[in-house]
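The lines below spell out each chain.
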Amino acid sequence: MAVEPRRRDGNLLAQARQRFLTVDPLQPEGVRQAILASWWRSRDSNVAADRLDLVYVRDPDLDTPLTRSAEPVLRSLRDQLDGQPVSIVLTDATGVVLSRLTADAALERQLDRVHLAPGFSYAEAVVGTNGIGTALEAGRAMHVFGHEHYAENLEQLACAGVPVRHPVSGKTVGVLDLTCWRKDAGPLLVALAKTTAEQIRQALLAETGMREIELLHAYLRACKHSSGMVFALNNDVVMMNVTARNTLDTGDQSSLLQHAAEALAQKLTSSTLDLPSGMRVRLHTRPVHGDGRLAGGVVDVRVMSSEDHPAPRATQPMLLPGLIGSGSLWRRACAEIESIHRSGGWVAVEGEPGVGKLALIRAVHQRQDPGAHFSVVDGAEARPGCGPQWLREARRTLAEQDGTIVLRHLEPLPPASLRLLTESLEEAARRQGAWVAIAVQDGPPRPDLIPLLRLFPSSVQVPPLRHHVEDVPPLVAFLLQRLGVNGQLTCSSEAMQVLMRSPWPGNAQQVLEVLRQVLRHRRTGSILAADLPPELQSLSRRRLSTMESLERDAIVGGLKDAGGNKAQAARALGMSRATIYRKIHDFGIASS
């Protein structure tokens, strides 16, 4: 083996890395494009090049389909290597090391020194360019040898990482990494890593198949004993009988499956649902377990008659599936987004929090393209420590998904993430696969979000609820149906007056939360003004401080306990009648 040319190439690479770290505008020559891109990402993430600042996860989950499937494969590989200086490393989808098998004592000690050990994260945003983290970022097999590593502590090593994808969903569930000394590295390291990752994928397929067989058996038993609609589902598979396919259109099927998945997650055994077509159904949900683990769920669906579930007293035709309202500003926003969808143009949907931006986009999708995928890329899910994984999944969705893709809550993302998302959006625009919409907050955007927003040539303003208060009554009736009161709870005219005069800073989402609060103490009959939260029983002319809000709530509660008698409420609260009258006026408290 010719060692001298390799050493000469290594010296050139080391010099290029040094120039990159010390001379900002320099584009090093002789560096692979994938490695250079990773160096830039590492710099944008403020990764230290002269030390390792690793993240440690105390108790990573070691009992997963990945670890169970991989264990015999990895042990077999270790036996085949028979003492060779190669370490076999398995990580989860975030780059946290789950297991490490090493037969060479010297290599084992070196890996301990750089903390390439169970519990430590080797995500690129933490360690910089390395076989594990860079494979996750690139979404493909990557090898990083010697000076290609961003952190100098890793320069003696070479590693080849290959993402392990779930055989059914295609999602990345981990990385198989082979690490050795830099001097021993060669093309066979990458080939061996790819072969091993494929063996793990096949083992995952076998385990997944066993769980799905359990789900299939449960589904067939349910179909045998039911003449109605039957579904079976998990994260990867949906089964549906002929009755369901013939009864429900694609929009109803999509809505029902989403509701069934939520019911399974919340362990609800029975629930009702109003479908976009107007049909009302009752769902009986049963979880299915296989080999001691959740394999999915079987759902029996029955169409409800009017005797089963009386219709609400005040109904209104839905403008779009799952949406209600007749205010001119609201109808205009719905029509504009639907028109843009038909034209194929991308759109930025603007509005205050809670106005229903996502619900409106989803409704247009269900009307125009109900059989296609609907994906949400939510920046709020990029929690500390999960940012790199979230960004990988977001970019993969934009690169591979068709149908409708919605971006939301991107405002808090760091500039580097926004730049990468913008690149992915540009590629998606060239691909012309998905229709993309972005939900953005009111007000001027932050400067580093502007390049991304330029990709959305159209914008639609969704009005706040206070600008179409005529929609409050039908909205309340609709939400009460959604909350499952079965027509047994209505809203009194007195309470409706209070609801309609509220400024609703939280918009439709706040209405939903208010009704949830009411349902904690009243499930039947009529909602009274006294049932509403204190903040709705006042109409302050200014924003109250925390102490003033507490004082307002105490006065509202005192008036309620005293049956509206101000003098009695004042005595109970320890204040004079003049004071309580003044504060009722200042806080805009509704009183009889």
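Chemist: Looking at this structure, how should I read the nonpolar core?
Modeler: A general feature of soluble globular proteins is that nonpolar side chains tend to end up buried together. Ranked by size, the top nonpolar core spans 45 residues in total, and within it Leu 360, Leu 407, Leu 410, Leu 421, Ile 438, Leu 452 and Phe 456 carry the most contacts. Those elements giving two or more residues to this core turn out to be α10 (328–343), β11 (347–351), α11 (357–368), α12 (387–400), β13 (404–408), α13 (415–431), β14 (435–441) and α14 (450–453). What Phe 456 contacts, discounting residues up to four positions off in sequence, is Trp 346, Val 347, Ala 348, Leu 407, Leu 425, Val 436, Ala 437 and Ile 438. Counting residues in each nonpolar core, the second largest holds 26 residues, with Leu 74, Val 86, Leu 101 and Cys 180 among its members.

Chemist: Even after reading the chapter, I still don't get the sheet that holds strand β6 (residues 229–233), so can you show me in this structure?
Modeler: Across a sheet, paired strands are connected by hydrogen bonds in the backbone, their directions being either parallel or antiparallel. With antiparallel pairing, 5 strands are arranged side by side in an open sheet as β7-β6-β10-β9-β8. The open sheet has two free edges, formed respectively by β7 (238–240) and β8 (270–274), since each of these has just one partner strand. Ignoring strand direction, the axes of neighbouring strands in this sheet form an average angle of 25 degrees. Bridge count for strand β9 (residues 280–290) against strand β10 (residues 293–303) is 10 bridges, and the pairing is antiparallel.

Chemist: Please explain helix α6 (residues 131–138) as it appears in this structure.
Modeler: Helical geometry note: an α-helix holds 3.6 residues per turn, so side chains three or four residues apart project in the same direction. Most of α6 sits inside the fold, with 7 of its 8 residues counted as buried. The set of residues buried in α6 consists of Gly 131, Ile 132, Gly 133, Thr 134, Ala 135, Leu 136 and Glu 137. Its side-chain oxygen placed 2.9 Å from the backbone nitrogen of Ile 132, Asn 130 serves as the N-cap of α6. The positive-phi residue at the C-terminal boundary of α6 is Gly 139, with phi of around 70 degrees.

Chemist: Help me understand the confidence of the model for the chain, please; the structure alone is not making it clear to me.
Modeler: Close reading of the predicted structure is inappropriate where its pLDDT is low. Chain-level statistics for the chain give a pLDDT mean of 83 and a share of 88% at 70 or above. For the chain, helix α1 (residues 3–22) is the element with the lowest average pLDDT, namely 66, and strand β1 (residues 86–92) is the one with the highest, namely 96. Within the model, the stretch residues 1–8 combines pLDDT values under 50 with 6 contacts to residues more than four positions away or in other chains. Counting interchain partners and residues more than four positions distant, the pLDDT-below-50 stretch residues 306–315 has 14 contacts.

Chemist: Explain the packing of helix α15 (residues 472–482) against helix α17 (residues 507–519) to me, please; I cannot follow it from the model alone.
Modeler: Helix-helix packing is characterised by the crossing angle of the two axes and by the distance between the axes. At a minimum axis distance of 10 Å, the contact between α15 and α17 shows a crossing angle of 55 degrees. The orientation of α15 relative to α17 falls into the category oblique. Handedness of the α15/α17 crossing: right-handed. Across the interface between the two elements, Leu 475, Val 476, Leu 479, Leu 480 and Arg 482 of α15 pack against Ala 508, Val 511, Leu 512 and Leu 515 of α17.

Chemist: Please clarify how the packing of aromatic side chains should be interpreted in this entry.
Modeler: How two aromatic rings sit relative to each other is given by the distance of their centres and the angle of their planes. Enumeration according to the criterion identifies 2 aromatic pairs in this entry. Ring geometry for Tyr 56 and Phe 120: centres 4.8 Å apart, planes at 50 degrees, overall tilted. Pair noted here: Tyr 56 is in the loop between α2 (33–44) and α3 (65–81) and Phe 120 is in the loop between α4 (105–113) and α5 (124–127), with a separation of 64 residues, a long-range link. Under the relative-accessibility criterion, Tyr 56 is labelled partly exposed at 44%. Aromatic side chains Trp 346 and Phe 456 sit 5.6 Å apart centroid to centroid with 40 degrees between the ring planes, which places their arrangement in the tilted category. Here Trp 346, found in the loop between α10 and β11, pairs with Phe 456, found in the loop between α14 and β15 (458–461); they are 110 residues apart in sequence, far enough to count as distant. Like Phe 456, Trp 346 is buried.

Chemist: What is the right way to read the pairing of β1 from this model?
Modeler: Here is the key point about a regular strand: its side chains alternate between the two faces of the sheet. In terms of burial, β1 is a largely internal element, 6 of the 7 residues being buried. Both β1 and strand β5 (residues 172–181) contribute to a ladder of 7 bridges, which runs antiparallel. Residue pairing across strands places Ser 87 opposite Thr 179, the latter belonging to β5. Pairing of β1 with strand β2 (residues 97–102) involves 5 bridges; the strand directions are antiparallel. In the sheet register, Thr 91 faces β2, and the bridge partner there is Val 97. The turn linking β1 back onto β2 is made up of 4 residues, and Gly 95 within it adopts a positive phi angle of 95 degrees.

Chemist: What is the right way to look at the sheet that holds strand β4 (residues 157–165) in this model?
Modeler: The strand order β2-β1-β5-β4-β3 describes an open sheet built from 5 strands, whose pairing is antiparallel. Here the strands that pair on one side only, and so sit at the sheet edges, are β2 and β3 (142–145). For this sheet, the mean angle separating the axes of adjacent strands, direction not counted, is 15 degrees.

Chemist: Looking at this structure, how should I read unusual backbone geometry?
Modeler: Working note: non-glycine residues mostly have negative phi, and peptide bonds are mostly trans. Even without being glycine, Asp 82 reaches a positive phi, approximately 50 degrees. Here Asp 82 lies in the loop between α3 and β1. Phi is positive for His 409, close to 55 degrees, though the residue is something other than glycine. Looking at the secondary structure, you find His 409 in the loop between β13 and α13.

Calculation rules
Residues numbered from 1 in each chain as written. Predicted model: local features only at pLDDT ≥ 70, side-chain atom pairs only at ≥ 80, totals over all residues. Heavy atoms only, no water. Core = buried A, V, L, I, M, F, W, Y, C linked by side-chain atoms within 4.5 Å. Buried < 20%, exposed > 50% of the residue type's maximum accessible area, 1.4 Å probe, protein only. Helix = DSSP H or I, 4+ residues; strand = E, 2+ residues; numbered from the N terminus. Contact = heavy atoms within 4.5 Å. Pairing = 2+ DSSP bridges. Axes fitted to C-alpha atoms, helices over the stretch in contact; angles between N-to-C directions. Polar contact = N/O pair within 3.5 Å; in protein donor to acceptor, adjacent residues only side chain to side chain. pLDDT = per-residue confidence, 0-100. Parallel < 35°, antiparallel > 145°, perpendicular 65-115°, else oblique. Left-handed = near helix turned anticlockwise from the far one by under 90°. Phe/Tyr/Trp six-rings, centres within 6.5 Å; stacked < 30°, edge-to-face > 60°.

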